[in-house]
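An overview of the molecular structure
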Amino acid sequence: MADHDSTPAPGRLVLLSSTHRIAPGLLSWPAWEALRGADRVLAGDAGHPQLPYVRQAGVDVEVLDVQPFALARTLAEAASGRTVLWIGGADGDPGLTDALARIAVEGGLASGPVPEIELLPGSYDLPGARLLDLVAVMDRLRSPGGCPWDAEQTHESLVKYLVEESYELVEAIEEGDREMLREELGDVLLQVLFHARIAEEHPEQPFGIDDVAGGIVDKLTYRHPHVFGDVHAPTAEHVEANWEQLKAAEKQRDSVVEGVPLAQPALALAAKLHSRAAKSGLTVPLPAGADLGDELLALAVRAQQQGLDPEAELRAAARRYRDAIQQAEHGN
């Protein structure tokens, strides 16, 4: 008479993860199949945002009251000889997979062999999902009980920081420092979120970050008819010409120099004014005086005519001068 193996089946433990950045209930089809096919569905938080939707779909969910250090062994034992699905916590259950791996290495469980473990993502972050986290953090800082300094800021008080962060971003680009570039892009993005959050509180004309994003989406779509419409623009020059025409019609400006910010650095301002005039077909003679400002204006125009950014050229020269000063300080 043949011997029969009495070792129980190992069972299956499915660890279902989901992202809080997507509306609860929007789970993948494999996730719903696993939820409906499991012998037991367990969760550790009675207030988990997925639970109402899972229960509404007819899936019974048991809430475990277990300490984090005992969670791995509790789940492994629950899955002995059956399929158990664990709805992961909002914090990702730190250490859970490591603890399950240790249990497997240490030789199993008293109740039977360690179950097969499957990591099943129920939903994924879309590109840009972390922007939602930034919106939430900014809202928390600005709301009652948040940061007193952040709560006191206004559009006006933040202007200097916006200018500083913008120049630091320019420096990162010109220095070719990738790590600095990533950080400074974040600092500029923070300024945008900060101003949008303040704008929500305006008593008469409030707007928020969604209005800001929606506005730029509409603008980009309108000004790129060669991408989102049927306009033919095979070269960058065609694109730029279309852009200027659309922008002029959109703004309904009476002069080609309307909309040029006079507060920008003087060299950049001079180059921009000449660029606007040249694109409109105007020939405007430069001031013929011997004033130093006139000479600087002529240099800025000359740079612009050669396709150079006078601001960038002067900054590059200033960096070389800085290096020379440092070499002189060290006696080189």
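- By the naming in an unreviewed UniProt entry, the protein goes by Nucleoside triphosphate pyrophosphohydrolase and is assigned to Streptacidiphilus alkalitolerans.

**Some thoughts on the pattern of salt bridges**
- Counting across every chain of the model gives 15 salt bridges.
- Here D133 and R21 are joined by a salt bridge, their closest N and O atoms 2.6 Å apart. You can see D133 sitting in helix α5 (residues 130–142) and its partner R21 sitting in the loop between β1 (12–17) and α1 (29–37), a full 112 residues away along the chain.
- Linked through salt bridges whose partners overlap, the residues forming this network are D139, R142, R197, E200 and E201.

**Some thoughts on the pairing of strand β4 (residues 83–87)**
- With five of five residues buried, β4 is to be regarded as a mostly interior element.
- Neither face of β4 is open: one carries T83, L85 and I87, the other V84 and W86, and all of them are buried.
- Sheet topology places β1 next to β4; five bridges connect them, and they run parallel. What sits directly across from L16, in β4, is I87.
- Relative to β4, strand β2 (residues 40–43) runs parallel, the two sharing four bridges. Note on β4: the bridge partner recorded for A43 is I87.

**Regarding the side chain of H274**
- Within the secondary structure, H274 is located in helix α12 (residues 266–279).
- Residues within four places of H274 in sequence aside, it is in contact with V301, Q304 and Q305.

**Focus on α12**
- An ideal rise of 1.5 Å per residue puts 20 Å on 14 residues; α12 measures up with 20 Å between its terminal C-alpha atoms.
- Considered for burial, the residues of α12 that qualify are L267, A268, L269, A270, A271, H274, S275, R276 and A277.
- Of the residues trailing α12, G281 is marked for its positive phi of about 85°.

Cut-offs applied
- Residues numbered from 1 in each chain as written.
- Predicted model: local features only at pLDDT ≥ 70, side-chain atom pairs only at ≥ 80, totals over all residues.
- Heavy atoms only, no water.
- Salt bridge = Lys/Arg side-chain N within 4 Å of Asp/Glu carboxyl O.
- Helix = DSSP H or I, 4+ residues; strand = E, 2+ residues; numbered from the N terminus.
- Buried < 20%, exposed > 50% of the residue type's maximum accessible area, 1.4 Å probe, protein only.
- Pairing = 2+ DSSP bridges.
- Contact = heavy atoms within 4.5 Å.
- Expected span 1.5 Å × (residues − 1).

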